[in-house]
Amino acid sequence: MRVSVIIANFDKERSLAACLDAVFAQTVPPAEVIVVDDASTDASPAIAARYDIRLLRLAVNRGVSHARNRGAELATGDVLMFVDSDVAPAPDALANAVGELERHPSCGVVQGIYADRPMFPGGGPVAAYKTRAEHHWRSRRAGVADATLFAITAVRREAWAAVGGFDEALRDAEDVEWGTRLPDVWQIRMSAAVVGFHDDTDRLVPYLREVFRRARTYATTISAPSVRRRRGIDVAAVATMTSAAAVPPLTLLAWWRPVLGFAPVLALLGFLVLDRSVLRYGPSFVLIRWLTHVVEFAGMALGTRRLHQAFTALFGVALAVGLVLFLGAQDWAPARDLAGHLGVARVAGVLGLAALLNAAGLVLGLVSWRALFADLGARVSGWTSSRLFFVGFLTKFLPGRFIALPVLLRMGREVDVGPVRLAGLFVLSWGVVALTGLTVGIAAGPGLAGGRFGWLLLAAVPVAALLVRPALFNTVLGFASRVLRRPPPEVLASERGMRRAVAAQTLSWIVSGHHLWLLAVVAGAPPASSYLLCIGGFAAGAVAGVVVLVAPDGLGVREAVVMVGLVTVLPFSVATSVVLASRLVCSLSEMLVGAGGLVTAELMHRRRPALNVPT
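Residues numbered from 1 in each chain as written. Predicted model: local features only at pLDDT ≥ 70, side-chain atom pairs only at ≥ 80, totals over all residues. Heavy atoms only, no water.

This next bit is on the overall build of the chain. For the chain, the count of helices and strands is 25 helices and 9 strands. Counting every position in the chain, which comprises 615 residues, the buried fraction comes to 50%. Across the chain, contacts joining residues at least 24 apart in sequence account for 78% of those joining residues at least 6 apart. Element-wise, carbon and sulfur atoms account for 66% of the exposed surface of the chain, whose accessible area totals about 27,900 Å². (Helix = DSSP H or I, 4+ residues; strand = E, 2+ residues; numbered from the N terminus. Buried < 20%, exposed > 50% of the residue type's maximum accessible area, 1.4 Å probe, protein only. Contact = heavy atoms within 4.5 Å. Areas by Shrake-Rupley, 256 points an atom, 1.4 Å probe, with all protein chains shown as cover.)

Now the structure itself:
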């Protein structure tokens, strides 16, 4: 068999010479060596030019799929031997690959494994982990395989022709996708006799970034119907990855509810038991292995529809548990006390009216969000943008609020709003919420200071300035980015969007604050002197609760801030009852509005026309 070695290269000056030296040192020399340089910016093209090869230099970088396809077009051999430019084949790698093809006529692909030591000695813990992990994983899977990996892989010419080239739209997991199109008549084999020495990264962040990127693309690939027919689900691998990924959220949940402290321990033990074969490599190896699983899970969650659905279900379950625990922690005594003094009918009417006032404020908050969402330029309906609002809103009842992130990212991608723009939108929205809330909150200052500090009402100047010159908000964000040495925000508010958002959110705080004022007046507070205390105190307390992420819905934080003002107009015991009644009213109204709004928005979103034009 005539063998054509095809090497796709991009900026691998460190390893390319070692790769080519190893290819020309084969016990069975190849018929030809083709190097396709994918518009490298380093010295690797000059290095390749020193060898007796066929060098094709591309003017534009188009990815490894395109480079390999071009190499295959030029190849004349019976076997196409694909070798990555950061892999040095062992001297007998080519001979062993050809021998495997000759012994198994039905085998169309022979892929090698990585050696248990790197191409260059002296690497750090990350490089050591990658080398050992890849060797460990591939060695255990020697024999008939169900997926293709092209780091050091021989392909029979007929099998290549049956599949065609790599999907040039893919820059990651392109080798796995290629194998999904390989007809079942062709066998894939992993051979432990075909060995390559790999030069890998020794930096943790770039490595984890690559893991995430490949996992996301891989998940999209294995979700295709053709892939599901060719290969089954590796239940053990999924269980291992899930156990590792469950440790952080369960730890956060246990910190919130110590009685659940056993949960993260069980998840960690599950990971260690399921992946126990790696324990012999030491603690640093296990730690990097755990991080790898966590990042892989996150990447696959963003790439697989089934995992999207699983995360959505997990979010729903966590939300339900959070709401039950939250309601169970409420003190219902104030409502009973008020009912005993004022009568059940009157208290029910007051609480109902207070809930309606708070609900009206929430609707105004939605108006503010939609005004900013419209600035993204996404062609979506108001109901579609409302889905994102209500999912983000309901996370306030969860400790940490991070479990909804994959759900929000999926919803954003469905309407062509990427993670960067979506994150920018949430930052922008939170900025408006915090600024207007603090502005309204400072209005309580004169009441606390006995009316001697009316000048505190000047706090309304920033909001008034934004209504007149909305571009000031973008200027402030840009200045903050420069001070923090961060890139400027991708999402910038338009003048019309900012005016609508600021006005609606300011009204939201004022309207919602009236529920507290109503409860305080019914409990005996002077209507006039308690007005600003209640309106401003509620806004300031709510913003403080938002800042403390680990407290579900700011539990305890908001009450402490509101009490500061109420005790100036009510006895401490009565003020306590009002604050707790306010919490009850807000919790019930927010649950009803949030859950009802999400269900309604989801139904309307699914009924949207194919072209989703803003309403």
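Before going further, it helps to spend a moment on the pattern of salt bridges. One pass over the structure, following the stated rule, counts 14 salt bridges. As a salt-bridge pair, arginine 189 and glutamate 100 come within 3.0 Å of each other at their nearest N and O atoms. Here glutamate 100 lies in helix H4 (residues 93–103) and arginine 189 lies in strand S9 (residues 187–198), a separation of 89 residues in the sequence. The network of salt bridges with shared partners includes Arg68, Asp84 and Glu174. (Salt bridge = Lys/Arg side-chain N within 4 Å of Asp/Glu carboxyl O.)

This part is about the nonpolar core. Within the largest apolar cluster, 34 residues are counted, with the highest numbers of intra-cluster contacts made by Leu80, Phe82, Val155, Trp160, Trp178 and Leu182. At the level of elements, strand S1 (3–9), strand S2 (32–37), helix H3 (64–74), strand S4 (79–83), strand S6 (107–114), helix H6 (157–163), helix H7 (174–180) and S9 are the ones that each hand at least two residues to this core. Per element, the largest residue contribution to this core is 4 residues, and it comes from S9. Setting aside anything within four residues of it in sequence, one finds tryptophan 178 in contact with Val109, Thr148, Phe150, Val155, Ala159, Trp160, Val163, Gly164, Gly165 and Phe166. Counting residues in hydrophobic clusters, the runner-up holds 31 residues, among them Ala434, Val440, Val578 and Val579. (Core = buried A, V, L, I, M, F, W, Y, C linked by side-chain atoms within 4.5 Å.)

For H3, the full list of buried residues reads Ser65, His66, Ala67, Arg68, Asn69, Gly71 and Ala72. Residues of H3 that are buried sit in contact with S1, S2, S4, H6 and H7.

Right, let's talk about unusual backbone geometry for a bit. Note: most peptide bonds trans; most residues except glycine with negative phi. The backbone of aspartate 11 sits at a positive phi, close to 55°, despite the residue not being glycine. Mapped onto the elements of the fold, aspartate 11 is located in the loop between S1 and helix H1 (16–24). For aspartate 11, a relative accessible area of 29% gives the class partly exposed. Positioned with a positive phi, alanine 39 is a non-glycine residue whose angle comes to about 60°. Mapped onto the secondary structure, alanine 39 falls in the loop between S2 and helix H2 (44–49).

With 72% of its residues at a pLDDT of at least 70, the chain reaches an overall mean of 78. Within the model, pLDDT remains below 50 along residues 226–230, and this stretch shows 14 contacts once partners closer than five positions in the same chain are excluded. Low pLDDT (under 50) marks residues 610–615, which in the prediction has 16 contacts with non-local residues, meaning those over four places away or in another chain. (pLDDT = per-residue confidence, 0-100.)

Turning our eyes to something else, we now look at the packing of aromatic side chains. According to the stated counting rule, one finds 12 aromatic pairs in the structure shown. Ring centres of phenylalanine 82 and tryptophan 160 lie 5.4 Å apart, and the angle between their planes is 35°; this geometry places the pair in the tilted category. Linking phenylalanine 82 in strand S4 with tryptophan 160 in helix H6, this pair joins segments that are 78 residues apart in sequence. Side by side, phenylalanine 82 and tryptophan 160 carry an identical accessibility label, which is buried. For the ring pair tryptophan 160 and tryptophan 178, a centre distance of 5.8 Å and an interplane angle of 20° mean the geometry is stacked. Of this pair, tryptophan 160 sits in helix H6 while tryptophan 178 is found in helix H7, placing the two residues 18 residues apart along the sequence. Each member of the aromatic cluster is reached from another via a ring pair, and the members are Phe82, Phe150, Trp160, Phe166 and Trp178. In this structure, arginine 138 is placed above the aromatic ring of tyrosine 114, and the distance from its NZ or CZ to the ring centre is 4.4 Å. (Phe/Tyr/Trp six-rings, centres within 6.5 Å; stacked < 30°, edge-to-face > 60°. Lys NZ or Arg CZ within 6 Å of the ring centre and 35° of its normal.)

A cluster of nonpolar side chains, Phe262, Val265, Leu266 and Leu269, forms an exposed patch at the surface whose accessible area comes to about 390 Å². Examined against the element boundaries, leucine 269 turns out to sit in helix H11 (residues 262–274). (Patch = residues over 30% accessible without salt bridge, like charges linked within 9 Å, V, L, I, M, F, W, Y side chains within 5 Å.)

Below, the discussion takes up the side chain of aspartate 199. On the secondary structure map, aspartate 199 appears in the loop between S9 and helix H8 (204–222). On the accessibility criterion, aspartate 199 (12% relative accessible area) is buried. Excluding anything up to four places from it in sequence, aspartate 199 contacts Arg14, Ser15, Asp86, Met119 and Phe120.

Every buried residue of H1 is accounted for by Leu16, Cys19, Leu20, Ala22 and Val23. With its buried residues spanning 160° around the axis, H1 presents them on a single face. At its buried positions, H1 is contacted by S1, S2, H2, S4 and strand S5 (87–89). (Arc of directions from axis to C-beta.)

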